Amino acid sequence: MEEKLSFEYAPAPESRALVTIKPKYGHFIGGKFVAGSKHFPTINPATEEVLSQISLAGKADVDAAVKAARKAYTTTWSKMSGKERGKYLFRIARIMQERSREFAVLETLDNGKPIRESRDVDVPLAAAHFFYHAGWADKLEYAGLGTTPKAHGVAGQIIPWNFPLLMLAWKVAPALAAGNTVVLKPAETTSLTALLFAEVCQQAELPAGVVNIVTGDGSTGVLIVNHPGIDKIAFTGSTEVGKIIARAVATTNKSVTLELGGKAANIIFEDAAIDESIEGIVNGIFFNQGHVCCAGSRLILQESIADEVIEKLKNRMAKIRVGDPMDKNTDLGAINSKEQLLKIRELSAAGDSEGAQRWSAPCDLPGKGFWFAPTIFTGVTQAHRIAREEIFGPVLSVLTFRTPQEAIDKANNTPFGLSAGIWSEKGSKVLWASQQLRAGVIWANTFNKFDPTSPFGGYKESGWGREGGRHGLSAYLKGVSHE
Ligand code: NDP
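Bear in mind that the values here come from a model prediction, so they are computed numbers and not experimental data.

Visitor: Which parts of the structure should I look at to understand the overall build of the protein?
Guide: Each helix and strand counted, the protein has 15 helices and 17 strands in total. Taking 23 Å as the expected radius of gyration for a compact globule of 483 residues, we find that the protein reaches 22 Å, a close match to that expectation. The C-alpha extent of the protein, read off along each of the three principal axes, is 75 × 50 × 35 Å. Within the protein, contacts between residues at least 6 apart in sequence are counted, and of these 75% link residues at least 24 apart. Taken as a whole, the protein presents about 19,300 Å² of accessible surface, with 53% of it coming from carbon and sulfur. Charge-centre separation for the protein: the mean point of 54 positive side chains lies 8 Å from the mean point of 51 negative side chains.

This is how it looks when you write it as C-alpha cells:
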C-alpha cells in the first residue's frame, strides 16, 4: 500500500499585541477625529468577538466631510504644485511600509483573511499604489492626458470589504496625485484599517481635509453619492449597487467610475502544464476566500484532461489549511460576515438542486465564526445559477469544452467581463484566445496578479472605467476619456 506523507504544523500565530484597537471610533474630518453619534459593532469574523464600535455617519457628518474636502481643495491642495503633492504621497507610502505589520494584523482581525495574505499582498500592494502615484503627481502634463490636466475637485469614494486597505489605496492614491481631495467610506464590516490610515495621514502631516473618512453602512454611501458638493464618484462593490449609483448620477454633472462584479473564466487547454495550472486554479478561486471580484470562479477545462485535472485539484484542495487567520500557516481564513456566508450557502444549495455535483475538501471548521470549506462543483452547465452568479466565496464551478472556440463561447457567455485566465504552453493559442475574450484583465499561465502600473477594470456589467496605471489616473482628471 502506498504510504501517504503528512506534515504536522506547530501553531504559528502572529502577535495581536502589535495593534491597539480603541473601544469606539469617530470619523476623520478636516484632519481630526470627531465623535460620531450612532454606533454599530465591528467583529472579528473568525471568532465573532466584538473588536470595536464604529460610528454611523448621517447627513450632518457627510456634509461636514464634504465641506472640509472642498475647503482643502480650494485653499490648499489645488494651489499646491504636483511636486509638493507627490512628497506627501511618498511620505504616506513610507509610513504604511513602516507600520505594515500593524496594518496586516488589523486587516486580518477585522476582515478574516489569512495574515499571510494581508502581510504579503494587501499591505505591500497598498503602499506600492501610493509610491506609484506619488511619481505621477508632478508629471501629469506628460501623461498624454492633455496639456493642462485639471482635477475634478472633491471625490466621493465608496469601497467594499474584501480588500479594505488595498481598495482604499486604489481610490485615494490616484485621486490625490491628480489633485483631488476625498471623502471615503469603508464598508460597514471593515472600517478599522481605513481609520488607521487616517492616523497615517496625520503622521504624514497631510493638510487638513485632503482626506476625510466617514464610516457607516449603505445609507452613508447613498448620502455620498447624492451629495451636491461632490464632483466625482468612485465605487467598488456589487453590480446591483453599481446600477443604483449609475442611475443616481445620470442626471448630474458628476463623473463616475464603477468597479463591479465578475464571474471569470479560467480556461485550461489540454497542452497546459497541468501541475502549474492546478496552482493557478487554487490561487484563482481560493485566494482571499474567493472574495475577489476577478476570482477565477468558472473553471473551463478541455474534456481530454478534465478527469486528470479534477483528481489533482481535489488532492491539492485537501491540503489547503483552513482555520485561524492569524496563524501564518493558514491558507484559507474566515468568510467576512454571516450575510456573506448565507449567500454562499444559498448559491451552493442552488448548485445541488440544479443537478451539479458538489465536493468539499475534508477539513475541520472552527466552531465559532463564519467558515466555508473549499468546494468544487462538477457537471455544471451554463444555465446553472452557480455558473452565472457571483458566489464571492471559495466555490468553483467546473465546465468542460472540446474545441477552443467552444471554450471562448462559454467564457464569454456571462453578463460580466472583468477578468479571465488562459493556460496553454502555446503562445499562439494564448494570443488568439486573449483576443477573443471579452474581459478587461487577462492572465496567461498565471492568475490574480496585480500591479499599480497595470489598468484594472471590466466590460459589460463589471463596470465603467479603469483603476491603476495611466488609464486609472485619467479617471481623476476632468474631460479625459477613461477607456
Ligand atoms: P455592496 O455593493 O452592497 O457594498 C459595497 C460598498 O457600497 C459598501 O461600502 C457598502 O456599504 C456601500 N453601499 C451599499 N449600498 C449602497 C448604496 N445604495 N449607495 C451607495 N453605497 C452603498 O456589496 P456587499 O458588501 O453588500 O456585497 C454583496 C455582494 O456584492 C457580494 O456577495 C459580492 O457578490 C459582491 N461584491 C463585489 C465586490 C467586488 O469587488 N466586485 C466587492 C464586494 C461585494 P456597507 O458595506 O457599509 O453596507
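Visitor: What is the right way to read the side chain of Thr 330 from this model?
Guide: With respect to the helices, strands and loops of the structure, Thr 330 is situated in the loop between helix H10 (303–317) and helix H11 (338–353). You can call Thr 330 buried: its relative accessible area is 6%. Not counting chain neighbours up to four residues away, the residues in contact with Thr 330 comprise Pro 114, Arg 116, Arg 321, Gly 323, Asp 324 and Pro 325.

Visitor: What should I look at first to understand the pattern of salt bridges in this one?
Guide: Between side chains of opposite charge, a pair can form when the charged atoms approach closely. On inspection of all chains with the given rule, the structure shows 23 salt bridges. In this structure, the salt-bridge partner of Arg 70 is Asp 231, at a minimum N-O distance of 2.8 Å. Of this pair, Arg 70 sits in helix H1 (residues 59–77) while Asp 231 is found in the loop between helix H7 (218–225) and strand E8 (232–236), placing the two residues 161 residues apart along the sequence. What makes Asp 231 partly exposed here is its relative accessible area of 22%. Among the salt bridges present, the one from Glu 199 reaches Arg 99, with a minimum N-O distance of 3.1 Å. Highlighted residues: Glu 199 in helix H6 (residues 192–203) and Arg 99 in the loop between helix H2 (82–98) and helix H3 (100–111), separated in sequence by 100 residues. Several salt bridges converge on common partners, so that one network encompasses Lys 22, Arg 99, Glu 102 and Glu 199.

Visitor: Mind showing me how you'd approach helix H9 (residues 274–286) here?
Guide: Structural remark: α-helix, 3.6 residues per turn; residues separated by three or four positions point the same way. Helix length check: H9, at 13 residues, gives a terminal C-alpha distance of 18 Å against a target of 18 Å (1.5 Å per residue), a fit within 8%. For H9, the set of buried residues is Ile 274, Ser 277, Ile 278, Gly 280, Ile 281, Val 282, Gly 284, Ile 285 and Phe 286. Those residues of H9 that are buried are in contact with strand E10 (265–268), strand E11 (298–302), H10, strand E13 (375–378), strand E14 (395–401) and strand E15 (419–423). Asn 288 sits one or two positions beyond H9 and adopts a positive phi of about 55°.

Visitor: Sorry, what's going on with the pairing of E13 here?
Guide: Within a regular beta strand, the side chains point alternately toward one face of the sheet and then the other, so they alternate between its two faces. Burial of the side chains of E13 extends over both faces: Thr 375 and Phe 377 are buried on one face and Ile 376 and Thr 378 on the other. Pairing analysis gives three bridges linking E13 to E14, with the strands arranged parallel. Of the residues in E14, the one forming a bridge with Thr 375 is Val 395.

Visitor: What's the story with the nonpolar core in this structure? I'm lost.
Guide: One recurring pattern in soluble globular proteins is that nonpolar side chains are buried together. If you look at the biggest cluster of nonpolar residues, it comprises 113 residues, and the most contacted ones within it are Met 96, Phe 130, Phe 197 and Val 211. When residues of this core are assigned to their parent elements, the largest contribution, eleven residues, is made by helix H5 (residues 164–177). Ignoring sequence-local partners within four residues, the contact set of Val 211 consists of Phe 28, Val 172, Leu 176, Val 182, Phe 197, Cys 201 and Leu 206. Formed by 22 residues, the second largest nonpolar core is a distinct cluster that contains Ala 57, Val 183, Ile 245 and Val 249.

Visitor: Sorry, what's going on with the site of the ligand here?
Guide: The immediate surroundings of the ligand are formed by 27 residues, with Ile 159, Trp 161, Ser 238, Leu 260 and Lys 343 found nearest. Backbone polar atom of Gly 216 to an oxygen atom of the ligand: 3.1 Å apart, as the coordinates give it. The backbone of Gly 237 places a nitrogen or oxygen atom 3.3 Å from a nitrogen atom of the ligand. Here the ligand loses 86% of its free accessible area of 850 Å² to cover by the protein chains. Only H7, E8 and H11 provide two or more residues apiece to the shell around the ligand.

Visitor: I would appreciate a short explanation of the packing of H3 against helix H4 (residues 115–136) in the present structure.
Guide: Two numbers describe how H3 lies on H4: the axes approach to 9 Å, and their chain directions differ by 125°. Looking at the two axes, H3 sits oblique to H4. The handedness of the crossing between H3 and H4 comes out as right-handed. Contact with H3, carried on its side by Ser 100, Phe 103, Ala 104, Val 105, Glu 107 and Thr 108, involves Ile 115, Ser 118, Arg 119 and Val 123 of H4 and no other residues of that element. When grouped by side-chain class, the residues that make up the contact of H3 with H4 number five nonpolar, three polar and two charged.

Visitor: What am I meant to see in unusual backbone geometry here?
Guide: Generally, phi is negative for residues other than glycine and the peptide bonds are trans, each holding for most cases. With a phi angle near 55°, Glu 205 is a residue other than glycine that sits in the positive phi range. Its identity is not glycine, yet Lys 460 carries a phi of approximately 50°, on the positive side. Topologically, Lys 460 is positioned in the loop between strand E16 (441–444) and strand E17 (463–464).

Visitor: For this particular structure, what's the right way to read the packing of aromatic side chains?
Guide: Think of a pair of aromatic rings as described by two things: how far the centres are apart, and how the planes are tilted against each other in angle. Inspection of every chain in the model, using the stated rule, returns twelve aromatic pairs. Seen in terms of ring centroids, Trp 77 and Tyr 88 are 6.0 Å apart; in terms of plane orientation they differ by 55°. Their pairing is tilted. Here Trp 77, found in helix H1, pairs with Tyr 88, found in helix H2; they are eleven residues apart in sequence, far enough to count as distant. Considered together, Trp 77 and Tyr 88 belong to a single accessibility category, that of buried residues. Joined through ring pairs, the aromatic side chains of Trp 170, Trp 443, Phe 447, Phe 450 and Phe 456 make up one cluster. Over the face of the ring belonging to Tyr 9 we find Arg 321, whose NZ or CZ atom lies 3.7 Å from the ring centre. The cationic tip of Arg 466 hangs over the ring face of Tyr 459; the distance from NZ or CZ to the ring centre is 6.0 Å.

Criteria and thresholds
- Residues numbered from 1 in each chain as written.
- Predicted model: local features only at pLDDT ≥ 70, side-chain atom pairs only at ≥ 80, totals over all residues.
- Heavy atoms only, no water.
- Helix = DSSP H or I, 4+ residues; strand = E, 2+ residues; numbered from the N terminus.
- Rg over C-alpha atoms; globule rule 2.2 N^0.38 Å.
- Contact = heavy atoms within 4.5 Å.
- Areas by Shrake-Rupley, 256 points an atom, 1.4 Å probe, with all protein chains shown as cover.
- Lys, Arg positive; Asp, Glu negative; His and termini not counted.
- Charge placed at Lys NZ, Arg CZ, Asp CG, Glu CD.
- Buried < 20%, exposed > 50% of the residue type's maximum accessible area, 1.4 Å probe, protein only.
- Salt bridge = Lys/Arg side-chain N within 4 Å of Asp/Glu carboxyl O.
- Expected span 1.5 Å × (residues − 1).
- Pairing = 2+ DSSP bridges.
- Core = buried A, V, L, I, M, F, W, Y, C linked by side-chain atoms within 4.5 Å.
- Near = heavy atom within 4 Å.
- Polar contact = N/O pair within 3.5 Å; in protein donor to acceptor, adjacent residues only side chain to side chain.
- Axes fitted to C-alpha atoms, helices over the stretch in contact; angles between N-to-C directions.
- Parallel < 35°, antiparallel > 145°, perpendicular 65-115°, else oblique.
- Left-handed = near helix turned anticlockwise from the far one by under 90°.
- Nonpolar A, V, L, I, M, F, W, Y, C, P; charged D, E, K, R; others polar.
- Phe/Tyr/Trp six-rings, centres within 6.5 Å; stacked < 30°, edge-to-face > 60°.
- Lys NZ or Arg CZ within 6 Å of the ring centre and 35° of its normal.

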